[in-house]
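# Residue-level structural notes
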Amino acid sequence: MRRDDAPPKTHDRLSRMVKPRLEGLEDRMLLYSATGGAWTQPVRVTYSFVPDGTSIGGPTSTLNATLNAQVPGWQAVFQQAAAVWEQVANINLVQVSDNGAALGVGSYQQGDPNNGDIRISAVPLDTGTLASAFLPPPLNGCGVAGDIIFNSSQNWTPSTGYDLTTVAIHEFGHALGVGHSAITSADMYAYYNATKSYLTTDDVSGIQSIYSARRPDAWTVATGNTTKANAADVSSQLGTNGQASLANLNITAPTVVNWFKVTVPSTTTGSMVVTMQSTNLSELSPRIQIYNAAGLTLTSATAPGTYGSTVTATIKGVVAGQVYYIRTMAASSGATGAGGYGLQLNFGSAAQAPIAPPNTTVANQPDSGGGSSGEHGWGPTQWIHNGPITIGTVTGLGDNLMVSPRIVHHQAHPAGPVKHHHHRHHHS
Ligand SMILES: [Zn+2]
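An account of the accompanying structure is given in this report. Owing to the predicted nature of the structure, the values given are computational and were not obtained by experimental measurement. (Residues numbered from 1 in each chain as written. Predicted model: local features only at pLDDT ≥ 70, side-chain atom pairs only at ≥ 80, totals over all residues.)

### A short note on the environment of valine 144
Relative to the helices and strands, valine 144 resides in the loop between strand 5 (131-133) and strand 6 (148-151). The class of valine 144 is buried, set by 25 C-beta atoms lying within 10 Å. Separated by 41 residues in sequence, valine 144 and leucine 103 place their C-alpha atoms 6.2 Å apart. (Helix = DSSP H or I, 4+ residues; strand = E, 2+ residues; numbered from the N terminus. Buried ≥ 20, exposed ≤ 12 C-beta atoms within 10 Å, placed from the backbone.)

If you want it as structure tokens, here you go:
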């Protein structure tokens, strides 16, 4: 059945202008879509791999055993899948450890110190499903928000099975709040129809409609320090111990650099230690270069291809009053080419503690965002959690429109009352 109970979105109207109307199918001819879910603290959204044996609403996850046997280095697949979204949106993604608590348990919808905001697991799902994801808050108000469940019964072997990268990017998109797209080449297309390692412009538009593009940090806004001529002078940030810590910095694209300059303080011990940290802050692969006042490169430090790392460069024999320039950038032009970071300077004798990640804890809240808004009514394509998770009794709603296997499209039927807004576009 066709539903017209929600006002069309701008791109919906646009698609109707440029495409002939197809009877009954037009509601699906959207471009990207947003679900209405978004992380409250996009400055740091964490993800984790649940240990095998973690309870997923009854069945236990075999993520590690399944993928260890099929996809060597599979963790990097997920790291890259997170990084491709981080690169184009004003979000930072960070991998953290996972204590194996049952899915959906805990006190936080975001920032749980025990595991990631987005927890990745694998259990047997039906043959039409590759993976599924719970949408972020406020649609899901508890710890299950953003969690991704892969189908351990599918074949993920690269040469013969489904491409893990393609599906991981798709599920991270849902976990961040992006809905499906009608563009068949988009990662967020609802069906597995090709290998897709990078985002299309439609996917980028989708994530940016939720979080915006990456925004320059306060130093860049204030000084325009993407060129050496506009280098931000951070000398005033040095404490009496000869140290400075600049948090919340941002490389907004692989081609963007940030410039800083510093005058060696009178308290110097004779060495300048410069640290660029994305560890615990983002998936940016960091790179720093140090120049003297004449513009000569003195040293550099780089960690290409890493998903969040920390590099340090040291200049010995510095003298009070000398000016040095620091250039920060991404070490790699690929998926790790943008992200948040911190910069530390140390002219003193004491060690400097790393920059602590921002506090992103948000306590559990009731699921919300449903009702009649229709903002996430693109079909039974992602899971809305309401009550205990009972994957063991999952019932496929199926879909009569397109070929299987679908990436998602099955609804967990909780034991409690079910919100039926996910049926909005269900064709039956
Ligand atoms: Zn999907």
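### What about the sheet that holds strand 14 (residues 323-330)?
Spatially, 7-9-14-11-12 is the arrangement adopted by the 5 strands of the open sheet, whose pairing is mixed. The sheet terminates laterally at strand 7 (232-233) and strand 12 (297-302), the two strands that pair on one side only. Two elements, strand 9 (residues 258-263) and strand 14, share 6 bridges in a ladder whose sense is antiparallel. Each bridged residue has a counterpart across the sheet, and for phenylalanine 260 the counterpart in strand 14 is isoleucine 326. (Pairing = 2+ DSSP bridges.)

### Details of the packing of helix 3 (residues 74-86) against helix 4 (residues 164-176)
Two numbers describe a pair of packed helices, the interaxial angle and the distance between the axes. Two elements in contact, helix 3 and helix 4, have axes whose closest approach is 9 Å; the angle formed by their N-to-C orientations is 45°. Considering the angle they form, helix 3 stands oblique to helix 4. Considering only the axes of helix 3 and helix 4, their crossing is right-handed. Contact residues: Trp74, Val77, Phe78, Gln80, Ala81, Ala82, Val84 and Trp85 in helix 3; Leu164, Thr165, Ala168, Ile169, Phe172, Gly173 and Leu176 in helix 4. A per-class count over the contact of helix 3 with helix 4 returns 12 nonpolar, 3 polar and no charged. (Axes fitted to C-alpha atoms, helices over the stretch in contact; angles between N-to-C directions. Parallel < 35°, antiparallel > 145°, perpendicular 65-115°, else oblique. Left-handed = near helix turned anticlockwise from the far one by under 90°. Contact = placed C-beta atoms within 7 Å. Nonpolar A, V, L, I, M, F, W, Y, C, P; charged D, E, K, R; others polar.)

### A few points about helix 5 (residues 201-211)
Of the positions making up helix 5, those classed as buried are Asp203, Val204, Gly206, Ile207, Ile210 and Tyr211. Down the axis of helix 5, the smallest arc covering the buried residues is 160°, so these residues share one side. Contact partners of the buried residues in helix 5: helix 3 and helix 4. Where helix 5 ends, the next residue or the one after it, serine 212, has phi of about 70°, a positive value. (Arc of directions from axis to C-beta.)

### Thoughts on the nonpolar core
A general trend in soluble globular proteins is that nonpolar side chains are found buried together. Among the nonpolar cores identified, the biggest contains 96 residues, and Trp85 and Ile207 are the most heavily contacted of them. Take this core: its biggest share by element is 8 residues, from helix 3. Shared between two domains, this core takes at least three residues from each, and those domains are domain 1 (1-213 + 369-428) and domain 2 (218-346). With sequence-adjacent residues up to four places away left out, isoleucine 207 is seen in contact with Trp85, Val88, Ala89, Leu176 and Val178. (Core = buried A, V, L, I, M, F, W, Y, C linked by C-beta atoms within 7 Å. Domains from an automatic or database assignment.)

Treat this as a map of the structure, not an account of what it does.
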